[in-house]
Amino acid sequence: MALSEHIQIKKGTAFPLGVTKKGNNQVQITIWCPQAADCNLRLYRAGKRLDKIKMYSMRKEGMEDIFSVLLSGENVWEELNGLEYDFVSGGEQIQDIYAKAVVGRERFGKKKGKVRARFVFDEFDWGGERWKRLKKNEMVLYQCHVRGFTRHSSSGVKAPGTFSGMREKIPYLKKLGINTLLLLPVYEFNEYMEEVNEKGEKKINYWGYAEEAFYFAPKAGYATPGENPCKDFQQLVYDLHRNGMNLILDMYFVGQTPEFILHCLRYYALHFHVDGFRINQDCMNMDWLYNDPVLSHVMLLGNSWAEHPERVGRERLFEMNDGFLVDARRYLKSDEGQVEKFYHRFREQRQGIGVIHYITQNNGFTLRDLISYDVKHNEANGEKNQDGTEYNYSWNCGVEGTTRRKPVLRMRDKQEKNALVMLLLGMAVPMLLAGDEFGNSQKGNNNAYCQDNLTTWLDWRLLEKNKETFAFVKQLLAFRKKHPLYHQLNNLMGIDRNGMGAPDVSCHGREPWVIDFSYYSRELGILYCGSYFESTSLYFAFNFHWDDHDFFLPNVNGKQEWTVVLDTSGGDKKELHRGEYKLAPRSIVVFESVCNRSDKTDRKTN
């Protein structure tokens, strides 16, 4: 027998499903076995069967295929804690889909034995956490894979590829300017795929978007060896919050009911203090999440949201899709007809909804590959390079893949900086793909979903090799954090709503106030008038033509004197001559001007 004789076994209730720790030293275990006539609970210790307990049917309550048992006793929590369990009905093993922990998958990609649920009743001390959810005008996202972030031997962490390893990198993220992590699935997904590659090898689901998963259980393969995955993950959240950072989880539900999804997300919000979730919206009505008493207070990321007046001031909904990615990439590579699209993307804001922009993500090229490859190179996936998107909107700058040709390398350096300015200094919340800040490459693989190897593990030696790229990202994020433009509460409207002599945001061509949205235009100027946020004005000049062009900067009420903040063409910053600046081919220049003092005074007075 696994349980002491003094442990009482009684009939439980139909809900909640799963394992519930109750007061007065009680544990309820409930499971739904569709069309089953009976069900037994089986207990194990280290894989060895200890006991079998008959579950009570809820027939009298009108639910004949729900089974429950209530275990009571002074030490029942201690006796059950750490034991493994499953169910058997009609001779078939049944798993608890509400399991809070799982054994049998402790080593990522390596089968250990039979997978079973495990009782976990450990409490975590959240004292001193300093939990604060960031507002949209403060956020800088960083999309990351827990294992790939530190699995490479160059990461220098004590437990590579784990929650603990990620905790060791928090100072690095803060130094860079990141304050919000978006993690690919961290729940207990099944990485063993039924598919085989052309070599006959079983494939690994590295990303974690799997149909088979224990959604309530943090992945044991991401825990420090020998540690409780739940506690290890809680410690990561705790340390992030202690450092003023937020955490968003990518949750990919397949074949689950709305009730299950709501229950799961509430569990992560309450038990793990997670700040938000990215949800595949086809799995349920997203309004149910927004109107939930718990989930209405967390951030919810989806592909699109309808605007509702009642949501203004409660901006917990965030929209992220490939719209900016496509338009920014096409403008970056100098395609025709992209100026107007990019102008609206760069200043994009939505009433009551946060907008998240990214130019790269896990599904596609890295930033370094975006400027190094014209086409995908997915041969290593074993699908004859037929997987992954054909629409990358990339440009290799003259040579496919790695090269030593200095003109090509100089162009790639410029294009990389251009992409980073377009992403990190726009009005939307920016999301950086992990490793893009130091030139991470997947050798042209734009669909590395099955690559658990050096292809997807970040090589931290690149940080020293590409320290200028890292410094540039750090510079842009520091500028974004400092400048009031990015922290104002009001959306920009594109009109002179306060009589400042200029709209809050306005569009220009090479000549001020003259917009050129023609099909062959590749030049764009964008002015943010500092009078509206009581700071310096900013002017962004984009020249994605292959020739240099003179830009004439706008003059608002005769008061603007511009200075150069950065020029992606490299070299020394050129001086303006009577408001004129020559932009090199395929380059971006950012100008800054001090706002007139009288404008500040007038606004405060009014």
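Calculation criteria
Residues numbered from 1 in each chain as written. Predicted model: local features only at pLDDT ≥ 70, side-chain atom pairs only at ≥ 80, totals over all residues. Heavy atoms only, no water. Helix = DSSP H or I, 4+ residues; strand = E, 2+ residues; numbered from the N terminus. Rg over C-alpha atoms; globule rule 2.2 N^0.38 Å. Buried < 20%, exposed > 50% of the residue type's maximum accessible area, 1.4 Å probe, protein only. Contact = heavy atoms within 4.5 Å. Core = buried A, V, L, I, M, F, W, Y, C linked by side-chain atoms within 4.5 Å. Pairing = 2+ DSSP bridges. Axes fitted to C-alpha atoms, helices over the stretch in contact; angles between N-to-C directions. Phe/Tyr/Trp six-rings, centres within 6.5 Å; stacked < 30°, edge-to-face > 60°.

A. Structural view of the overall build of the protein. Looking only at helices and strands, the protein features 14 helices and 30 strands. Computed over the C-alpha atoms, the radius of gyration of the protein is 28 Å, within 12% of the 25 Å expected from 2.2 N^0.38 for a compact globule of 606 residues. In terms of overall dimensions, the protein has C-alpha extents of about 90 × 60 × 40 Å along its principal axes. For the protein, buried positions account for 59% of its 606 residues. Within the protein, counting contacts between residues at least 6 apart in sequence, those at least 24 apart form 70% of the total.

B. Representation of the nonpolar core in the model. Counting 137 residues, the largest nonpolar core has Tyr142, Phe233, Tyr268, Phe277, Tyr528 and Phe542 as the members making the most contacts within it. Residue contributions to this core peak at eight residues, all from helix 6 (residues 258-271). Excluding anything up to four places from it in sequence, tyrosine 268 contacts Tyr187, Tyr215, Phe216, Ala217, Pro218, Phe233, Leu249, Met251, His273, Val274 and Phe277. Residues Ile7, Val19, Leu83 and Tyr85 belong to the second largest nonpolar core, which totals 30 residues.

C. Just the sheet that holds strand 26 (residues 537-543), in detail. If you walk across this open sheet you meet the five strands as 24-25-26-30-28, and the pairing is antiparallel. Bordering the open sheet on either side are strand 24 (505-508) and strand 28 (562-567), each of which pairs with just one other strand. The mean angle between the axes of side-by-side strands here comes to 20 degrees, regardless of whether they run parallel or antiparallel. When strand 26 meets strand 30 (residues 587-593), the two strands line up antiparallel, connected through seven bridges. If you follow phenylalanine 542 over to strand 30, its bridge partner there is isoleucine 588. Along the sheet, helix 9 (residues 339-346) makes contact with strand 24, strand 25 (523-528) and strand 26, crossing strand 25 at roughly 25 degrees.

D. Highlighting the packing of aromatic side chains. This model, assessed by the stated rule, comprises 46 aromatic pairs. Between phenylalanine 124 and tryptophan 126 the ring centres are 4.7 Å apart and the planes differ by 65 degrees, which places this aromatic pair in the edge-to-face class. Looking at phenylalanine 124, the relative accessible area reads 14%, which means it is buried. Classification of tryptophan 126 by relative accessible area gives buried; the value is 18%. With 6.3 Å between their ring centres and 50 degrees between their planes, tyrosine 331 and phenylalanine 542 make a pair best called tilted. Separated by 211 residues along the polypeptide, tyrosine 331 in helix 8 (residues 323-332) and phenylalanine 542 in strand 26 bring together distant segments of the chain.

E. View of the sheet that holds strand 18 (residues 246-251). A barrel is described by the order of its strands in space; here eight strands give the closed sequence 12-13-18-19-20-21-22-23, paired in parallel fashion. Here the strands of the sheet are splayed against their neighbours by 25 degrees on average, with no regard to which way each runs. Where strand 18 lies against strand 19 (residues 276-279), four bridges are found, and the strand directions are parallel. When the sheet's bridge partners are listed, aspartate 250 is paired in strand 19 with arginine 278.

F. Representation of the environment of lysine 582 in the model. Within the element layout of this structure, lysine 582 appears in strand 29 (residues 580-583). The spacing of lysine 582 and asparagine 385 is 197 residues in sequence and 43 Å in space, taken between C-alpha atoms. Apart from residues lying up to four places away in sequence, lysine 582 is in contact with Asp548, His549, Asp550 and Lys574.

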